[in-house]
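# Analysis of the macromolecular model
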Amino acid sequence: MKKTKNPFHMPVAQGNPAYIEPPHRFVNREYFIITYETNPILLQKIVPKGLKILAPVVKYEFIKMPDSSGFGSFVESGQVIPVTYNGKKGTFIHAMFLNDQPAITGGREIWGFPKKLGHPSLEIDGDTLLGTLDYGKVRVATGTMGYKFYPENTEIIQKFLGEPNFVIKTIPAPGGTAEICQLVRYSMTDITLHWAYSGPAALDLHPHALAPVAALPVKKVLSALHFMADLTLPYGEVVIDYLKK
């Protein structure tokens, strides 16, 4: 068997793994984030033990990643929730849909990202920033914002990008029992923010059996940001092992 530095070499006997080891560098990563108010009871049911909700707020994201080491070029869309862990601010990653197999496989297996195959896009439509998410043939999310209306403070956003993020890594054993169930924390590093803008925004979520982004309904859009940054995704760490007493 050929030896490899990659501890996750799959297929095992080949030299072309499904993904490579972290860290992964992202260059010119473009974010469109719409912050909205939702139902606090529904939100509470989603956030795992150990994390606390700051407010009944969700951030819906459209992210274009044209230059990602090991992953290539892809687009991602999903929902994240502002939380605290031991009194410190962070973000819980609730749902992610993207169009890139290495990022789906590596993201799920290493960190525990809740990634599924979808068809997101982020583009400029005249004077409008337009983000969409299709699951199969069905449109499940549409976000719009006035393109580069108001310049924003980049220092505040750069600090936000460096805050800890949390995911639930869960893997079943071959016999069907739980093998791994962990709360994992990671933080982006080597962050350079190029520019940032805000503007008027709208978000429309549609019910879908397998892409239930509308299960956290939009009560009111609070704000929207559009920015570009370079950053690095390193390994994470386990902060809670739910299977240990």
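Throughout what follows, the structure given in this document is the object of discussion. (Residues numbered from 1 in each chain as written. Predicted model: local features only at pLDDT ≥ 70, side-chain atom pairs only at ≥ 80, totals over all residues. Heavy atoms only, no water.)

## What to know about the sheet that holds strand β9 (residues 138-146)
Using the following cut-off: Two strands pair under a simple rule: DSSP has to find at least two bridges between them. Helix numbers and strand numbers start at the N terminus; a helix is a DSSP run of H or I with at least 4 residues, a strand a run of E with at least 2. Note on method: axes are straight lines fitted to C-alpha atoms, helices fitted across the in-contact stretch only, with angles between N-to-C directions ranging 0 to 180 degrees.
Spatially, the four strands line up as an open sheet ordered β7-β8-β9-β14, and their pairing is antiparallel. The open sheet has two edge strands with one neighbour each: β7 (119-125) and β14 (201-205). Between one strand and the next, the sheet's axes are offset by a mean angle of 10°, whatever the strand orientation.

## Regarding unusual backbone geometry
When glycine is set aside, most residues are seen to have a negative phi, and most peptide bonds are trans. Cis geometry is adopted by the peptide bond preceding Pro 23, which originates at Pro 22 and carries an omega value of 5°. Within the element layout of this structure, Pro 23 appears in the segment before β1 (24-37). Unlike most non-glycine residues, Lys 148 shows phi in positive territory, near 50°. As for its position among the elements, Lys 148 is in the loop between β9 and β10 (150-151). The phi torsion at Asp 190 lies on the positive side, around 50°, for a residue other than glycine. When you line up the elements, Asp 190 lands in strand β13 (residues 189-198).

## Examining the pairing of β7
Bridge count for β7 against strand β8 (residues 128-135) is seven bridges, and the pairing is antiparallel. Its bridge partner being in β8, His 119 is matched across the sheet by Asp 134. Where β7 folds back on β8, the antiparallel hairpin that results is connected by two residues, among which Gly 126 adopts a positive phi of roughly 65°.

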